[in-house]
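Examination of the molecular architecture
Now for the letters of each chain:
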Amino acid sequence: MSIKTTDERYVAHTYKRFDTAIVKGSGCICYDDNGKEYIDMTSGIGVNIFGYSDPVWAEAVAAQARMLQHTSNLYYTVPCAELAEILCTRTGMSKVFFSNSGAEANECAVKVARKYAADNKGAEYHNIITLKKSFHGRTLTTLAATGQDNFHTKFTPLTEGFLYAEPNDIDGLEKLVADNKVAGILIEIVQGEGGVNSLDEAFIKAVERVCRENDLVFMVDEVQTGNGRTGKLYSYMHYGVKPDVVSTAKGLAGGLPIGATLMSDKVCDVLGYGDHGSTFGGNPVCAAAAISVMNRLDDAFLADVTAKGDYIRKRLTDAGHAVSGLGLMVGVTTEKPVSEVLAACMEKGVLCLSAKEKLRLLPPLNIPQEQLEKAIDIIIEVLS
Ligand SMILES: *Cc1c(COP(=O)(O)O)cnc(C)c1O
């Protein structure tokens, strides 16, 4: 049986796949089962920060797998402690909870906000405000947090206590806070799945101010924007704000499952023994991968991400296309239906993503300039 036939027969049909099996890759190039070569502008949806099978990353993973692949969270492990120290040192946050995905990182954020409010203001202060067009995950709680009606219909009842504000509407946000008993506010600085929409700087700062004025937990979902994607280590760092909770996942371990919920001094001891847990959370192999990723995301590397993002933006704008996003998180408005654009790019050997009706580009952060230029040439050709 072909890969496709076997998959269709035995794997649940929750993903509408392209008619292609990716079998191997190296750097920003990958190959399908017919040996066709593609330049990857997706990073596996913002995950493979250093591309496919990067040798430094692979060695960090293999060395840890040979040493200790897992033990339970009843014991300390070296990579888990080291990674937590790196994350806190580089963000100024105080403690980390490790999980395995973006949704779990956000679940933890919601638990922290609710418990902080219950401990300090009363359990009725349980509401969490998120934004319309946001995306926060697929669990029943993070679906509720996701501010898009179409995610709310099939699996009711979802977790209660979520309210949705219009992005960039400061008055609307203040009214929601005044009219409800609120625990915290959760935002993406650039909405990824919702269409690569950057929030206004004034709104981001207003979210922080409203949180401070009302003693709310200020949470930033950096699952997609984090770990260098936007040209800063975390995207909130563009705006000089200080969140109480930062959730991240996707790119953190460069291609292995990990979630991390970073907590500031204000909330870092809200969760105590038994309040939360995860069998695989802080897994040594995933943590070792993340340490190797974090150690390479230095200032020079991040400046290079910004320069590549600027290059993409300039090329596309010069060609007459409207672009959105930050750094190497790029949304492009297309006249042709985006599904046609994706198919045509693929035909010409470039893998791209969509976000709502936009074309979305999330290339590996270390994509060589030559391949980047080639991919953008093809994308512009397809778009015109
Ligand atoms: C992808 C994503 C999630 C969900 O992450 P999973 O690892 O799929 O659970 C949550 N928030 C944002 C902003 C994302 O982009």
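Residues numbered from 1 in each chain as written. Predicted model: local features only at pLDDT ≥ 70, side-chain atom pairs only at ≥ 80, totals over all residues. Heavy atoms only, no water.

**Looking at the packing of helix α4 (residues 78-91) against helix α9 (residues 284-296)**
With their axes 8 Å apart at the nearest point, α4 and α9 run at an angle of 35 degrees to one another. Between α4 and α9 the crossing geometry is left-handed. Every residue of α9 that contacts α4 at Pro79, Cys80, Glu82, Leu83, Ile86, Leu87 and Arg90 is listed here: Pro284, Ala287, Ala288, Ala290, Ile291, Met294 and Asn295. Classifying every residue of the contact of α4 with α9 by side-chain character gives 11 nonpolar, 1 polar and 2 charged. (Axes fitted to C-alpha atoms, helices over the stretch in contact; angles between N-to-C directions. Helix = DSSP H or I, 4+ residues; strand = E, 2+ residues; numbered from the N terminus. Left-handed = near helix turned anticlockwise from the far one by under 90°. Contact = heavy atoms within 4.5 Å. Nonpolar A, V, L, I, M, F, W, Y, C, P; charged D, E, K, R; others polar.)

**Focus: the environment of Gly309**
Looking at where Gly309 falls in the secondary structure, it is placed in helix α10 (residues 299-318). For Gly309, a relative accessible area of 1% gives the class buried. Taking the C-alpha atoms as reference points, Gly309 and Ala375, 66 residues apart in sequence, are found 13 Å from one another. Aside from chain neighbours lying at most four places away, what touches Gly309 is Gly327 and Leu328. (Buried < 20%, exposed > 50% of the residue type's maximum accessible area, 1.4 Å probe, protein only.)

**Overview of the site of the ligand**
Taken together, the neighbourhood of the ligand is formed by Ser101, Gly102, Ala103, Asn106, Phe135, His136, Gly137, Glu188, Asp221, Val223, Gln224 and Lys250. Between the ligand and the protein, one listed contact pairs an oxygen atom with a backbone N or O atom of Gly102 at 2.8 Å. A distance of 2.8 Å separates an oxygen atom of the ligand from a polar atom in the backbone of Ala103. Protein chains shield 81% of the accessible area of the ligand, which is 380 Å² for the free molecule. Here the shell around the ligand takes 3 residues from helix α5 (residues 102-120), the largest share from any one element. (Near = heavy atom within 4 Å. Polar contact = N/O pair within 3.5 Å; in protein donor to acceptor, adjacent residues only side chain to side chain. Areas by Shrake-Rupley, 256 points an atom, 1.4 Å probe, with all protein chains shown as cover.)

**Notes on the sheet that holds strand β6 (residues 162-165)**
Reading across from one edge, β4-β12-β11-β10-β7-β5-β6 is the order of the 7 strands in this open sheet, with mixed pairing throughout. Of all strands in the sheet, those with a lone pairing partner are β4 (95-99) and β6, marking the two edges. On average, adjacent strands in this sheet sit at an angle of 20 degrees to one another, irrespective of strand direction. When strand β11 (residues 245-248) meets strand β12 (residues 259-263), the two strands line up antiparallel, connected through 4 bridges. If you follow Val246 over to β12, its bridge partner there is Leu262. Across the sheet, helix α8 (residues 201-213) is in contact with β5 (127-131), β7 (182-187) and β10 (217-221); its angle to β10 comes to roughly 145 degrees. (Pairing = 2+ DSSP bridges.)

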